[in-house]
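# Observations on the three-dimensional arrangement
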Amino acid sequence: MAEPETTPDAGTGTRCGFIAVIGAPNAGKSTLVNTLVGAKVTIVSRKVQTTRIPVRGIVVEGQSQLVFLDTPGIFRPRRRLDRAMVEAAWGGALDADIVILLVDVLKGLDEDVERILARLADARGPKVLVLNKVDRLAEKDRLLALTAELTARIPFERVFMVSALTGSGLAELKSWLAAAAPPGPWHFPPDELSDLPERKLAAEITREKIYERLHEELPYALTVETTDWRTHRDGSARIEQTIFVERESQRKIVLGKGGAVIRQISMEARRELAELLGHEVHLFLFVKVREGWADDPERYREMGLELPKE
């Protein structure tokens, strides 16, 4: 009989670091965390501010356990939900052992990055600059100019040039982080990839599929909640989810003519969930109008966010 896996204790040369990944919207934070982990632990979309809550992705590199915190994009908040997302991002960054500032080299030092730099000095941990999407930049001399501009503003420990999408440069980044992580016991079992509950991950997968299908038509005023999850004797799962929107017009967009759009979303989400969970999934989606859900404390609790004061 095989021995159960155990979490390494302190005193065995182990290290464990909590690493916040911050950056402007669509800098590639979720793609970076997924590629580093080697599995999908956070959703990705062309739509900016897709990540709403900090999601942890867990990597073992030698004797080090690296816990990456994928945070919402930091931008100028306009709505109450925006403020909650930005505060969640900064909460993760200020408490982390190491902070990665991820910058999209195609956008460079824009207004959102400027805003982040102004507050980044408050983070207590070492700061690492990671320039992303370098494979898509034709004028490579711009990298040196951007690096000089950013490092003149903040004393970064190291600078890495990577492609989160292809994985280029990530081995060196991971190796450096493993050595820089503080000594101590691991916080999670060796085979754990994320601390996101399956119910919440399932809701996030469906939300991703909605954005993929309705990138242009639908605003951010929707959320998805897993309302029921039952495991059958054959190992399959029956999952019910509710998609909350703010207006009847949005509900019609999600449903589509004759329910065509919602059926496609359900099929795509069900396929990915079955692959992630390793068993058959029966997914049932319901769309409900709930005006002002973005001001409902219960919805914030479900998302793992704090409701900001007016």
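Residues numbered from 1 in each chain as written. Predicted model: local features only at pLDDT ≥ 70, side-chain atom pairs only at ≥ 80, totals over all residues. Heavy atoms only, no water.

## Notes on the side chain of T14
Topologically, T14 is positioned in the segment before β1 (15–23). Since its relative accessible area comes to 3%, T14 is described here as buried. (Helix = DSSP H or I, 4+ residues; strand = E, 2+ residues; numbered from the N terminus. Buried < 20%, exposed > 50% of the residue type's maximum accessible area, 1.4 Å probe, protein only.)

## Overview of unusual backbone geometry
You will see that K133, though not glycine, has its phi angle at about 70°, which is positive. By secondary structure assignment, the location of K133 is in the loop between β5 (127–132) and α4 (141–151). For K133, a relative accessible area of 16% translates into the label buried.

## Some thoughts on the environment of I239
Mapped onto the fold, I239 is located in strand β8 (residues 237–245). I239 sits 42 residues away from V281 along the chain, and the two C-alpha atoms are 7.2 Å apart. Setting aside its immediate chain neighbours within four residues, I239 contacts T226, D228, W229, L273, V281, H282, L283 and F284. (Contact = heavy atoms within 4.5 Å.)

## Here we look at the confidence of the model for the protein
Fine structural detail should not be taken from predicted coordinates in areas where pLDDT scores are low. Of all residues in the protein, 78% attain a pLDDT of 70 or more, and the chain-wide mean is 83. Ranking the elements of the protein by mean pLDDT puts helix α2 (residues 80–95) last with 62 and helix α5 (residues 170–180) first with 97. Low pLDDT, under 50, characterises residues 1–6; the stretch is placed with three contacts to residues that sit more than four places away or in other chains. (pLDDT = per-residue confidence, 0-100.)

## A closer look at the sheet that holds strand β7 (residues 222–231)
Taken in spatial order, the three strands of this open sheet run β7-β8-β9, and their pairing is mixed. What marks the edges here is a single partner per strand, and that holds for β7 and β9 (281–289). The mean angle between the axes of side-by-side strands here comes to 20°, regardless of whether they run parallel or antiparallel. Sheet topology note: the β8/β9 ladder contains nine bridges and is parallel. The partner of V245 across the bridge, within β9, is V289. (Pairing = 2+ DSSP bridges. Axes fitted to C-alpha atoms, helices over the stretch in contact; angles between N-to-C directions.)

## Some thoughts on the pattern of salt bridges
By the definition in use, this model includes 13 salt bridges. Here the salt bridges do not stand alone but share partners, grouping E208, K209, E212 and E272 into one network. (Salt bridge = Lys/Arg side-chain N within 4 Å of Asp/Glu carboxyl O.)

## Re the sheet that holds strand β4 (residues 98–104)
Pairing is mixed in the open sheet, where six strands are placed in the order β2-β3-β1-β4-β5-β6. Because the sheet does not close on itself, it has two edges, and the strands there are β2 (55–61) and β6 (158–161). Between one strand axis and the next, the sheet turns through 25° on average, direction left out of account. Both β4 and β5 contribute to a ladder of six bridges, which runs parallel. Counted as the bridge partner of L102 is V130 from β5.

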